[in-house]
Amino acid sequence: MNINIIALIRAAVLNGTPLLFGTSGEILTEKSGSLNLGVEGLMYMGGAFGLMGVFYYDRAAGAGANAFVAIMIAILCSLLAGMAGSLIFSFLTITLRANQNVTGLALTIFGTGLGQFVGEQMRIKVGGNVAISNGLKVVFADGVFPKAMQEIPVIGPLLFSYNIFVYIGIVIAAVMAYIMAKTRKGLYLKAVGESPSTADAAGINVTRYKYFATVLGGGISAVGGMVYTMTIAGTVWNHTGLAGEGWIAVALVIFCLWKPLNAIWGSILFGGLMIMYIRVPIAFIPSQIYKIIPYIVTAVVLVIVSLRQKKEDQPPASLGLPYFREER
């Protein structure tokens, strides 16, 4: 079997980038003690609204469409859509103290339905496939570094040949890791996730930190849906194209042990596992078996982590639990 390792790694990075956004956003959310299982719905919303923003901008600007503006519109539309969905989740779970598992599942249903509704409404209005012009497609798919750097043997394809979202995702994960480990605000956030009653007694505004992390985290996850639609899906709306990405991102949070830097290599690994059935086909292994490998790996890691009982590898102590200040 002839396997192009460089091409396989590149494909793993590109396919893992939406997961990197989804996982980074959910890590931020869970670090505050909120468990948002609605990542799938948020990514659907991000994909639909991100494409919608660029699609209508492309139609309005025509030949004068600016690449930077298109990218900013895609990011902003998807970010705001995800933050709006997460704000609803936050109000229900933080303010009203609704069950986080049930609310997250409801958000998945709501977000998936809303994303599909927006996408189908655009398709009906244009009377066909919803896609942007070829000029803007190149902007979202091509590498951001000069061709000379991309053509450096081995190093060029592996480091400098990706679209802008790959590097944005890495920067977000790195900045998040730094803030959580080295800044007072990050330590406060982790304190809220570990013991909200203790953080509250120390004068930390628990509600504010939970809202901020959950809303912003949901927005970052939604950007992952936009990245999938605008890169892997070829900037064409497909109402089934995102199926499963959000759930894999939730599983990847566990695999990465709630550490943002782990999300970088973890998303690449899972991105590779998701395309193995295409890139490395084995005749006697059904593609369905290939597709469940990420979940099997996550389950194995969860068992190992549970057996080791290392505190730094455990989820935040208050994860999924509502905080009642009256019981402090």
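For the structure given in this document, a descriptive report is provided here. (Residues numbered from 1 in each chain as written. Predicted model: local features only at pLDDT ≥ 70, side-chain atom pairs only at ≥ 80, totals over all residues. Heavy atoms only, no water.)

### Things to note about a nonpolar patch on the surface
Then step 1. A contiguous nonpolar surface patch, about 680 Å² in accessible area, is contributed by Leu105, Trp247, Ile289, Ile292, Tyr295, Ile296, Val300 and Ile304.
Then step 2. The leading source of residues in the nonpolar patch is helix H14 (residues 287-308), at 6 residues.
Then step 3. Position of isoleucine 289 among the secondary structure elements: in helix H14. (Patch = residues over 30% accessible without salt bridge, like charges linked within 9 Å, V, L, I, M, F, W, Y side chains within 5 Å. Areas by Shrake-Rupley, 256 points an atom, 1.4 Å probe, with all protein chains shown as cover. Salt bridge = Lys/Arg side-chain N within 4 Å of Asp/Glu carboxyl O. Helix = DSSP H or I, 4+ residues; strand = E, 2+ residues; numbered from the N terminus.)

### Comments concerning the layout of surface pockets
Then step 1. Space inside the largest pocket adds up to approximately 370 Å³.
Then step 2. Residue lining of the largest pocket: 16 residues in total, with Leu28, Ile179, Leu189, Phe212 and Leu216 positioned closest to the centre.
Then step 3. At the level of elements, helix H8 (164-182), helix H9 (184-194) and helix H11 (206-232) are the ones that each hand at least two residues to the lining of the largest pocket.
Then step 4. Here the lining of the largest pocket takes 6 residues from H11, the largest share from any one element.
Then step 5. Size it by volume and the second largest pocket reaches roughly 310 Å³.
Then step 6. Looking at the lining of the second largest pocket, the elements with two or more residues in it are H11, helix H12 (245-255), helix H13 (260-279) and H14.
Then step 7. Per-element accounting of the lining of the second largest pocket gives the leading share, 4 residues, to H13.
Then step 8. Considered class by class, the residues forming the lining of the second largest pocket number 10 nonpolar, 4 polar and 2 charged. (1 Å grid on protein atoms, 1.4 Å probe; cavity = no way out; pocket = protein on both sides within 12 Å on 5 of 7 lines; lining within 4 Å. Points joined across faces, edges and corners; volume = space filled by probe spheres on them. Nonpolar A, V, L, I, M, F, W, Y, C, P; charged D, E, K, R; others polar.)

### A word on the pattern of salt bridges
Then step 1. Applying the stated criterion across every chain, the model contains 1 salt bridge.
Then step 2. Notably, a salt bridge pairs arginine 123 with glutamate 120, separated by 2.8 Å at the nearest N-O pair. In this pair, arginine 123 and glutamate 120 both sit in helix H4 (residues 100-126), 3 residues apart, roughly one turn of the helix.

### Some thoughts on H8
Then step 1. The terminal C-alpha atoms of H8 lie 27 Å apart, and with 19 residues this matches the ideal 27 Å at 1.5 Å per residue to within 8%.
Then step 2. Taken together, the buried positions of H8 are Phe165, Val166, Tyr167, Gly169, Ala173, Met176, Ala177 and Met180.
Then step 3. Here H8 starts with a cap whose side-chain oxygen sits 3.0 Å from the backbone nitrogen of phenylalanine 165, and that cap is asparagine 163. (Expected span 1.5 Å × (residues − 1). Buried < 20%, exposed > 50% of the residue type's maximum accessible area, 1.4 Å probe, protein only. Polar contact = N/O pair within 3.5 Å; in protein donor to acceptor, adjacent residues only side chain to side chain.)

### What to know about empty space enclosed by the protein
Then step 1. Summed over the entire model, instances satisfying the criterion amount to 2 cavities of 30 Å³ or more.
Then step 2. In this structure, the largest cavity encloses a volume near 50 Å³.
Then step 3. As for the largest cavity, its lining consists of Tyr44, Tyr228, Thr229, Ala233, Val236, Trp237, Asn238, Gly241 and Leu242.
Then step 4. Each residue belonging to the lining of the largest cavity can be placed in one class, and the counts come to 6 nonpolar, 3 polar and no charged.
Then step 5. Quantified by volume, the second largest cavity comes out at close to 50 Å³.
Then step 6. Forming the walls of the second largest cavity are Val13, Gly16, Thr17, Leu20, Val166, Ile170, Ile264, Ser267 and Ile268.

### As for the packing of aromatic side chains
Working definition: an aromatic ring pair is given by the centre-to-centre distance plus the angle between the planes.
Then step 1. Scanning the entire structure with this criterion turns up 8 aromatic pairs.
Then step 2. Note on phenylalanine 145 and phenylalanine 160: the rings are 5.3 Å apart at their centroids and 70° apart in plane angle, and the pair reads as edge-to-face. Of the two residues, phenylalanine 145 sits in the loop between helix H5 (134-141) and helix H6 (147-150) while phenylalanine 160 sits in the loop between helix H7 (155-159) and H8, which places them 15 residues apart along the sequence.
Then step 3. Take phenylalanine 145: its relative accessible area is 29%, and that puts it in the partly exposed class. (Phe/Tyr/Trp six-rings, centres within 6.5 Å; stacked < 30°, edge-to-face > 60°.)

### Some remarks on unusual backbone geometry
Then step 1. Although it is not a glycine, arginine 97 adopts a positive phi angle of roughly 60°.
Then step 2. With respect to the helices and strands, the residue arginine 97 is situated in the loop between helix H3 (67-95) and H4.
Then step 3. One non-glycine residue, valine 154, lies in positive phi territory at about 65°.
Then step 4. Take valine 154: it is sitting in the loop between H6 and H7.

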